[in-house]
Amino acid sequence: MKTIIQIGANVGNDDFSKMLSEMEEKAKVFLIEPNSALTSLLQINYSQISKKHDILIFNIGIVPNQAEECYLYLDYLDTSGCSSILKRKTLPRI
């Protein structure tokens, strides 16, 4: 199963969601959107796609801060009972 991450998912009515709806292989999809006002619309727009793929929506922001290191760290428990962790350091501004 593929794992796909979209940072800045907005409301989910875009080419990315169209690509997922056309994709045959089941995927685990992380949708990251910091604007909490968009979360309910994002859930609605992905309701049909979530019947085919495992959709996980996170209301968090990933913003580099020059004073501190910034990490994307997600920890979830999937349906098989296995924990999965993704940890990636953000790239510095150029």
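Our structure is the block above this text.
Keep in mind that this is a model prediction, so the values were computed, not measured.

What counts as what
Residues numbered from 1 in each chain as written. Predicted model: local features only at pLDDT ≥ 70, side-chain atom pairs only at ≥ 80, totals over all residues. Heavy atoms only, no water. Salt bridge = Lys/Arg side-chain N within 4 Å of Asp/Glu carboxyl O. Helix = DSSP H or I, 4+ residues; strand = E, 2+ residues; numbered from the N terminus. Polar contact = N/O pair within 3.5 Å; in protein donor to acceptor, adjacent residues only side chain to side chain. Contact = heavy atoms within 4.5 Å. Pairing = 2+ DSSP bridges. Axes fitted to C-alpha atoms, helices over the stretch in contact; angles between N-to-C directions.

Novice: Can you help me understand the pattern of salt bridges in this one?
Specialist: One side chain can pair with another of opposite charge once the charged atoms of both are near each other. As enumerated under the stated definition, the model contains 2 salt bridges in all. Salt-bridge contacts for aspartate 54 lead to lysine 28; the nearest nitrogen and oxygen are separated by 3.7 Å. Of this pair, aspartate 54 sits in strand E3 (residues 54-58) while lysine 28 sits in strand E2 (residues 27-32), and the two are 26 residues apart along the sequence. When salt bridges with common partners are traced through the structure, they connect Lys26, Lys28 and Asp54 into a single cluster.

Novice: Explain the environment of isoleucine 55 to me, please; I cannot follow it from the model alone.
Specialist: Relative to the assigned elements, isoleucine 55 resides in strand E3. Sequence-wise, isoleucine 55 and lysine 28 are 27 residues apart; in three dimensions their C-alpha atoms are separated by 6.2 Å.

Novice: Explanation requested: the side chain of glutamate 33 in the structure shown.
Specialist: Of note, glutamate 33 is situated in the loop between E2 and helix H2 (39-45). A distance of 3.0 Å separates a polar side-chain atom of glutamate 33 from the backbone nitrogen of asparagine 35. For glutamate 33, the residues in contact, after removing those within four places along its chain, are Gly8, Ala9, Asn10, Leu38, Leu42, Phe58, Asn59 and Ile60.

Novice: Please explain the sheet that holds E3 as it appears in this structure.
Specialist: The strands making up a sheet associate through backbone hydrogen bonding, with each pair oriented either parallel or antiparallel. Spatially, the 3 strands line up as an open sheet ordered E1-E2-E3, and their pairing is parallel. Every interior strand has two partners, whereas the edge strands, strand E1 (2-7) and E3, have only one. Strand-to-strand twist in this sheet, taken as the mean axis angle between neighbours without regard to direction, amounts to 15°. Sheet analysis places E2 next to E3, joined by 5 bridges and oriented parallel. Its bridge partner being in E3, isoleucine 32 is matched across the sheet by phenylalanine 58.

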